[in-house]
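Inside the fold
Residue strings, one per chain:
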Amino acid sequence: MSKSPFINIVPKVKDNIIKDENFTNAKNSKLLLETKSTDEIISDSINKNFELKKKNLSLKDKELILKVIESYKKRINNQSLNEDEFVLTKHEINEFFSLENKNILRYVVYRYKYNIYPRLKILEEYPPNIQIEPTSMCNLRCIMCYQSDKSFSSKSAGFMGHMKPDLFKKVVDEIEGKIEGVTFASRGEPTLHKQLDEFLKYCEGKFLGLKLNTNATLLDEKKINLLLSSDLQTLVLSIDEKNKENYEKIRVNAKFEKIMQNLELLKNIREKKYKNSKVKIRISGVKINTDQSVDEMNQFYKEFADEIALVDYSPWESAYDNEVNNIQAECSELYRRIFVWQDGKVNPCDYDYKSTLSKWNANEHSIKKIWNSDYYNEIRRLHKLKERKKIEPCNRCIGT
């Protein structure tokens, strides 16, 4: 598959964390204090809540929170952190300041596991994050996305469909209280699912890190009210460019004028009806071209969002055609998240969007059993032995 000429970034390796330099707050807030003052505020809050609630914490959670407390002491004193120490990144700081006190320690434990467990290759009964795909269908054919691969997105290929509510509820019932980070996203556009309202309502009060990714093309008054009144922590709008011509080159089938109308509608409804909504709105794009700038995106879109971010590009659109590489590092995704497709197939990652690695289905197996299965651990073992070249398509992926 030939790449679009607009993609002029050729990444050698990629991680899956939003880098601080590619993230900015779109609105003025107390988060714009100098770094040390922000660190002190966060540290004081964690310490206070820990003293109040430590009797009710598990031994493991106590250990992790004490590790974070020590990390902040070192950070405030300008000392370097060890590999197993952790302080919140920019976008996590935004989320932290929106939390109710009762959820602060819960959030710190969740983000520690999300960031540090993949680095240290620590495996628990459940992953820190799960991505649930309401639908594999999408109305766009973005140039950096697997939807542009007709062997995947054509109706005859057999990959297209919508998740049934019974499967969704089965997965949610199992992971409630076990996994905090749940993302409605993966290969398709979530707002295409006619029962999205039912899915969101079923998640009410169950997860601390509930997120939904949308290309924002289908937003209307009904959908906006649904999203802003939900239990989402973050609503991510996938918009990569501020320039009409470039935007439409990337987001094939989308119209820039329609996106701007939808953003204006979202802004107006939010200001009129949801001023106190906890939902953070993030405009996020994939950095596929060297001309893309998070600062320029912020200047253009800041009135519509709380945060602006660009994430690193990986050639998802041609995963099975990319050259075999010599990367030997273990993939962090094997310890960070798991993917549940609309038909119940469970996969280690979405680089493998046609599920060549999948041996499981959530209709028959539990997430816990899959995450700790012999086959999943065999994939991890080969990565650990620097033998990912033996696994297709891990041998073509640049993720680390």
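Quick look at the structure, then. (Residues numbered from 1 in each chain as written. Predicted model: local features only at pLDDT ≥ 70, side-chain atom pairs only at ≥ 80, totals over all residues. Heavy atoms only, no water.)

1. Quick notes on the overall build of the protein chain
A count of helices and strands for the protein chain gives 14 helices and ten strands. Relative to a compact globule of 400 residues, whose C-alpha radius of gyration would be 21 Å, the protein chain shows 21 Å and is just as compact. Viewed in the frame of its principal axes, the protein chain has a C-alpha envelope of about 60 × 50 × 40 Å. By residue count, 57% of the 400 residues in the protein chain fall in the buried class. The long-range fraction of contacts in the protein chain, counting pairs at least 24 apart against all pairs at least 6 apart in sequence, stands at 75%. About 18,100 Å² of surface is accessible on the protein chain, with carbon and sulfur atoms providing 48% of the total. When the 69 basic and 60 acidic side-chain charges of the protein chain are each reduced to a single mean position, those positions are 2 Å apart. (Helix = DSSP H or I, 4+ residues; strand = E, 2+ residues; numbered from the N terminus. Rg over C-alpha atoms; globule rule 2.2 N^0.38 Å. Buried < 20%, exposed > 50% of the residue type's maximum accessible area, 1.4 Å probe, protein only. Contact = heavy atoms within 4.5 Å. Areas by Shrake-Rupley, 256 points an atom, 1.4 Å probe, with all protein chains shown as cover. Lys, Arg positive; Asp, Glu negative; His and termini not counted. Charge placed at Lys NZ, Arg CZ, Asp CG, Glu CD.)

2. Description of the sheet that holds strand β6 (residues 280-287)
If you walk across this open sheet you meet the ten strands as β1-β7-β6-β5-β4-β3-β2-β8-β9-β10, and the pairing is mixed. The strands lining the two open edges of the sheet, one partner per strand, are β1 (23-25) and β10 (360-361). In the sheet, strand β8 (residues 337-340) pairs with strand β9 (residues 345-347) via two bridges, with the strands oriented antiparallel. Pairing of Phe339 across the sheet is with Asn347, part of β9. Helix α6 (residues 165-175) rests against β2 (129-132), β3 (181-184) and β8 of the sheet, and its axis sits at about 170° to β2. (Pairing = 2+ DSSP bridges. Axes fitted to C-alpha atoms, helices over the stretch in contact; angles between N-to-C directions.)

3. Notes on the packing of aromatic side chains
The relation between two aromatic rings is expressed through the spacing of the ring centres and the mutual angle of the planes. Within this structure, the stated rule accounts for 19 aromatic pairs. Ring geometry for Phe96 and Phe97: centres 5.8 Å apart, planes at 85°, overall edge-to-face. Classification of Phe96 as buried rests on a relative accessible area of 4%. Between Phe168 and Phe184, the ring centres sit 5.7 Å apart and the planes meet at 35°, which makes this aromatic pair tilted. Taken together, the residues span a long stretch of sequence, with Phe168 in helix α6 and Phe184 in strand β3 at a distance of 16 residues. What makes Phe168 buried here is its relative accessible area of 1%. Classification of Phe184 as buried rests on a relative accessible area of 0%. Feature note: the residues Tyr146, Phe152, Phe159, Tyr320 and Tyr353 constitute an aromatic cluster, connected by ring pairs. Sitting over the face of the ring of Trp341, Arg187 holds its NZ or CZ atom 4.0 Å from the ring centroid. (Phe/Tyr/Trp six-rings, centres within 6.5 Å; stacked < 30°, edge-to-face > 60°. Lys NZ or Arg CZ within 6 Å of the ring centre and 35° of its normal.)

4. Considerations on the nonpolar core
Counting 90 residues, the largest nonpolar core has Ile130, Leu237, Ile283 and Tyr301 as the members making the most contacts within it. A total of six residues in this core trace back to one element, the largest contributor, which is helix α10 (residues 256-273). Beyond its immediate stretch of four places on either side in the chain, Leu237 contacts Thr214, Ala216, Leu219, Leu263, Leu266, Ile281, Arg282, Ile283 and Ser284. Of all hydrophobic cores here, the second largest spans 25 residues; its members include Ile46, Ile69, Leu105 and Val109. (Core = buried A, V, L, I, M, F, W, Y, C linked by side-chain atoms within 4.5 Å.)

5. Some thoughts on the environment of Arg141
Locating Arg141 in the fold gives a position in the loop between β2 and α5 (150-153). Classification of Arg141 as partly exposed rests on a relative accessible area of 27%. On a C-alpha basis, the gap between Arg141 and Glu70 in space is 47 Å, while along the polypeptide they are 71 residues apart. Here Arg141 is in contact with Gln147, Ser148, Ser153, Ile250, Val252 and Asn253, once residues within four sequence places are set aside. A distance of 2.9 Å separates a polar atom in the side chain of Arg141 from the backbone oxygen of Cys138. (Polar contact = N/O pair within 3.5 Å; in protein donor to acceptor, adjacent residues only side chain to side chain.)

6. Describing the environment of Met160
Summarising the element assignment, Met160 is placed in the loop between α5 and α6. Distance from Met160 to Gly188, taken between C-alpha atoms, is 8.8 Å for residues 28 residues apart in sequence. Discounting chain neighbours no more than four positions away, the residues touching Met160 are Ser136, Met137, Gln147, Phe152, Ser153, Ser154 and Gln342.

7. A short note on the environment of Val324
Take Val324: it is sitting in the loop between β7 (307-312) and α12 (333-336). Of the residues examined, Val324 reaches a relative accessible area of 45% and is grouped as partly exposed. The sequence separation of Val324 and Asn395 amounts to 71 residues, and the corresponding C-alpha distance is 5.4 Å. Apart from the residues lying within four places of it in its own chain, the contact partners of Val324 are Asn395 and Arg396.

8. Details of helix α2 (residues 59-76)
Compared with an ideal rise of 1.5 Å per residue, which puts 18 residues at 26 Å, α2 spans 26 Å between its outermost C-alpha atoms and is within 8% of the ideal. Residues of α2 that are buried: Leu64, Ile65, Val68, Ile69, Ser71, Tyr72, Lys74 and Ile76. (Expected span 1.5 Å × (residues − 1).)

It is worth stressing that arrangement in space is one thing and function is another; only the former is reported here.
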